Amino acid sequence: MSDNNPEIESSTFNNLNIDVTESILYHLPIPSLVRFTLVSKQWRSLITSLPPSPSPSSPPWLFLFGIHNTSSFHNQSFAFDPLSNTWLRLPPSSSSSDHLVGSNRFLFTTAPRFSFSPILKPNWRFTSPVRFPRINPLLTVFTTLSNSSKLILVGGSSRIGGLVDIEERLAVQIYDPVLDSWELCSPLPADFRSGQDHQTLTSALFKRRFYVFDNYSCFISSFCLDSYTWSDVQTLKPPGLSFAYLNSCNGMLVLGGMCGFSFNLWSIEEGSMEFSEIAVMPEDLLFGLVDSDDEDDKFRSLKCAGSGNLVYVFNDDCHKKFPACVCEIGGGENGICSWRRVPCLPSPVNKFHKVVSFCSTVSITDVFHPEEARIGGSIRG
């Protein structure tokens, strides 16, 4: 294909079967597709009209939203694309709320009012009032049996005068965007009351169940998204575990966390909660994520987020550097997990007082047609 004659390039595209063309384009990194839309009107029309990728295994991006302590004007947003191995600058979050949570290609503000926006092109929409406004809740978007979408909100805290209401912290609320209403459901099991802090909870959506794991007690339970009931509470604690994050990757539950001076990944058997080690982070990558001068509990600031076939491990306490690495599950020879370092953030990076980090799959539709990104059928651009 010619490097400098768009007419020849367009003619070549015309000669390809549309299914073959789409198949080729689906394998290209999104940043490359964005650049290719500048080649000609035909290329732009072809790329921007691509339907969402039929592949459910698109590698997830890692998102970082930095919140400045004095002005939202200095907020910054970045996304790491694993296919191109590059960080991209995104439009900064325009929300004035510090209480941001990210999930499923959306950003959410959880207090003082609940709202949400597509990640790539902010367009904030407010919901009806939440029964219990939350700070740092667990949440995710899920599909119902009737193929509509809803949002589940679990836990978090409501601070009044510096105090935390333990009962409210166990609350479970489900949002229906068609009715614009919140439903109060069965709360987290009472066993989770013993947790010292709402931030000890971590969660994963897996096979129509929303799993919640408590680092303090090592209790785990799951909420059925069909019957709205909780399973029996079980214990999940690999030997030597100090803290961990629960994820859903490659068709299995994956727990990632620290055991002594080792960061491990375990596959979790649903039902029995038996665990099996699947990967250990190389030592040079692990120590590259922390400040060598901090000897007291220096690994405690590590976080883990996974989706698809990737698990990201990062340290968002180091705002300027944001050291991170990624593990591809079954991506090495003979199905062995493979680790690699994530490049540094592009300069300049502002100083933030809070960072929101999470991973999510992204499609070409999210880039060119953000108005189609919605929770349920009633929310449109």
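What counts as what
Residues numbered from 1 in each chain as written. Predicted model: local features only at pLDDT ≥ 70, side-chain atom pairs only at ≥ 80, totals over all residues. Heavy atoms only, no water. pLDDT = per-residue confidence, 0-100. Contact = heavy atoms within 4.5 Å. Pairing = 2+ DSSP bridges. Helix = DSSP H or I, 4+ residues; strand = E, 2+ residues; numbered from the N terminus. Axes fitted to C-alpha atoms, helices over the stretch in contact; angles between N-to-C directions. Buried < 20%, exposed > 50% of the residue type's maximum accessible area, 1.4 Å probe, protein only. Arc of directions from axis to C-beta. Phe/Tyr/Trp six-rings, centres within 6.5 Å; stacked < 30°, edge-to-face > 60°. Polar contact = N/O pair within 3.5 Å; in protein donor to acceptor, adjacent residues only side chain to side chain. 1 Å grid on protein atoms, 1.4 Å probe; cavity = no way out; pocket = protein on both sides within 12 Å on 5 of 7 lines; lining within 4 Å. Points joined across faces, edges and corners; volume = space filled by probe spheres on them. Nonpolar A, V, L, I, M, F, W, Y, C, P; charged D, E, K, R; others polar. Core = buried A, V, L, I, M, F, W, Y, C linked by side-chain atoms within 4.5 Å.

Caption draft 1: Seen up close, the confidence of the model for the protein chain. Across the protein chain, the average pLDDT comes to 83, with 82% of residues at or above 70. Low pLDDT, under 50, characterises residues 377–381; the stretch is placed with 13 contacts to residues that sit more than four places away or in other chains.

Caption draft 2: Structural detail: the sheet that holds strand β2 (residues 76–81). The sheet built from four strands is open, its strands ordered β3-β2-β1-β26 with antiparallel pairing. Each having just a single partner strand, β3 (86–90) and β26 (354–360) make up the two edges of the open sheet. Across the sheet, the axes of successive neighbouring strands diverge by a mean angle of 20°, strand direction being ignored. Here seven bridges tie strand β1 (residues 61–67) to β26, and the two strands are oriented antiparallel to one another. The residue of β26 that forms the bridge with Gly 66 is Val 355.

Caption draft 3: How the structure looks around helix α2 (residues 18–26). Taken residue by residue, α2 has Thr 21, Glu 22 and Leu 25 as its buried positions. Viewed end-on, α2 has its buried residues packed into an arc of 95°, placing them on one side of the element.

Caption draft 4: Region of the structure containing the packing of aromatic side chains. Per the stated rule, a full pass over the model turns up 20 aromatic pairs. Taking 5.9 Å as the distance between ring centres and 75° as the angle between the ring planes, the aromatic pair formed by Phe 106 and Phe 116 counts as edge-to-face. Of the two residues, Phe 106 sits in strand β5 (residues 106–109) while Phe 116 sits in strand β6 (residues 115–118), which places them 10 residues apart along the sequence. Seen from their ring centres, Phe 108 and Phe 114 are 5.9 Å apart, and the 45° between their planes marks the pair as tilted. A connected cluster of aromatic rings, assembled from ring pairs, spans Phe 106, Phe 108, Phe 114, Phe 116, Tyr 175 and Trp 182.

Caption draft 5: Quick look at the environment of Ser 203. Note that Ser 203 resides in strand β14 (residues 201–206). Linking Ser 203 and Tyr 245, residues 42 residues apart in sequence, is a C-alpha distance of 7.5 Å. With residues near it in sequence (within four places) discarded, Ser 203 still touches Leu 138, Phe 210, Tyr 211, Val 212 and Leu 246.

Caption draft 6: Fine view of the environment of Arg 89. Its place among the elements puts Arg 89 in strand β3. For Arg 89, a relative accessible area of 42% translates into the label partly exposed. Taking the C-alpha atoms as reference, Arg 89 lies 8.1 Å from Pro 346; in sequence the two are 257 residues apart. Beyond its immediate stretch of four places on either side in the chain, Arg 89 contacts Gln 76, Ser 77, Phe 78, Pro 346, Ser 347 and Pro 348. At 2.9 Å, the side chain of Arg 89 forms a polar contact with the backbone oxygen of Ser 347. A polar side-chain atom of Arg 89 sits 3.0 Å from the main-chain carbonyl oxygen of Pro 348.

Caption draft 7: Geometry of empty space enclosed by the protein. The final tally for this structure, using the stated rule, is two cavities of 30 Å³ or more. As a volume, the second largest cavity reaches approximately 40 Å³. Forming the boundary of the second largest cavity are Phe 65, Pro 91, Ser 93, Leu 107, Ser 117, Pro 118, Ile 119, Pro 122 and Trp 124. Residue composition of the lining of the second largest cavity, by class: seven nonpolar, two polar and no charged.

Caption draft 8: Spotlight on the nonpolar core. Within the largest apolar cluster, 22 residues are counted, with the highest numbers of intra-cluster contacts made by Phe 263, Leu 265, Met 281, Leu 302 and Trp 339. Counting residues per element, the ones that place at least two in this core are β18 (241–249), β19 (252–259), β20 (262–268), α6 (283–287), β22 (302–307), β23 (310–315) and β24 (324–328). Here Met 281 is in contact with Phe 263, Leu 286, Leu 289, Val 313, Cys 325 and Trp 339, once residues within four sequence places are set aside.

Caption draft 9: Just the pairing of β19, in detail. β19 sits mainly inside the fold: seven of its eight residues count as buried. Where β18 meets β19, eight bridges bridge the pair, whose relative direction is antiparallel. Looking at β19, one finds that Tyr 245 is bridged to Gly 256. Count of turn residues in the β18/β19 antiparallel hairpin: two residues, of which Asn 250 carries a positive phi of about 50°. Counted along the chain from β19 to the antiparallel partner β20, the turn is two residues long, and its residue Gly 260 has a positive phi close to 65°.

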